[in-house]
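# Structural overview
Read off the chains here:
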Amino acid sequence: ATAPVRRFAVNKAFSLKNNPLSGIALPGWAAMLWRYGGAIEWRKYWLRALFLSFMAIVNGIFALLDWIFFAHTIVKAKLHPSPVFILGHPRTGTTLMHNLLSKDDEQFYFCTTFQAGFPSGFAIL
């Protein structure tokens, strides 16, 4: 038995919502464009690439502000020897687990979903 042939249609080529690269900083975005830029269908995805370029610049500014204002605090921070990371695919209960653990602020420190999406400006945002 052969697997059915799946055809994928490009839809939402101009969608900017919930892009997983929205939190990327400029050095990472530039490296990605340098390495994979030839594989991008520029005529179709120019707006998305422009948006991500803009976001990379904004994230770079936040990263610089984080470094200026919080570098000394971050260096002095003592980390727990056994950190807890919540990893998983979407819709598998990771947000519920995050919300439950965040209720115990004596044992756990947590980031907001926004901070997780934009790690370059973690402290400033």
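Residues numbered from 1 in each chain as written. Predicted model: local features only at pLDDT ≥ 70, side-chain atom pairs only at ≥ 80, totals over all residues. Heavy atoms only, no water.

## As for the environment of Ala25
Mapped onto the elements, Ala25 comes out in the segment before α1 (26-36). The residues contacting Ala25, other than those within four sequence positions of it, are Ala56, Asn59 and Ser120. (Helix = DSSP H or I, 4+ residues; strand = E, 2+ residues; numbered from the N terminus. Contact = heavy atoms within 4.5 Å.)

## Here we look at the pattern of salt bridges
Per the counting criterion, the structure on display carries one salt bridge. The salt bridge partner of Glu41 is Lys44, with a shortest N-O separation of 3.2 Å. Take Lys44: its relative accessible area is 30%, and that puts it in the partly exposed class. (Salt bridge = Lys/Arg side-chain N within 4 Å of Asp/Glu carboxyl O. Buried < 20%, exposed > 50% of the residue type's maximum accessible area, 1.4 Å probe, protein only.)

## Here's the deal with the packing of α1 against helix α2 (residues 42-76)
Helices that pack against each other are described as a pair by the angle of their axes relative to one another and the distance between those axes. Closest axis-to-axis distance for the α1/α2 pair is 9 Å, and the angle between their directions is 155°. In terms of orientation, α1 and α2 fall into the roughly antiparallel class. Mapping the contact onto sequence places Leu26, Trp29 and Leu33 in α1 and Trp42, Ala49, Leu52, Ser53, Ala56 and Ile57 in α2. Along the lines of polarity and charge, the residues of the contact of α1 with α2 split into eight nonpolar, one polar and no charged. (Axes fitted to C-alpha atoms, helices over the stretch in contact; angles between N-to-C directions. Parallel < 35°, antiparallel > 145°, perpendicular 65-115°, else oblique. Nonpolar A, V, L, I, M, F, W, Y, C, P; charged D, E, K, R; others polar.)

## Overview of the side chain of Asn59
Within the element layout of this structure, Asn59 appears in helix α2. Filtering out sequence-adjacent residues up to four positions away, Asn59 remains in contact with Ser22, Gly23, Ile24, Ala25, Phe118 and Ser120.

## A word on the environment of Leu65
Note that Leu65 resides in helix α2. The exposure class of Leu65 is partly exposed, given its relative accessible area of 27%. Distance from Leu65 to Ile124, taken between C-alpha atoms, is 7.0 Å for residues 59 residues apart in sequence. With residues up to four places along the chain from it excluded, the contact list for Leu65 reads Phe70 and Ile124.

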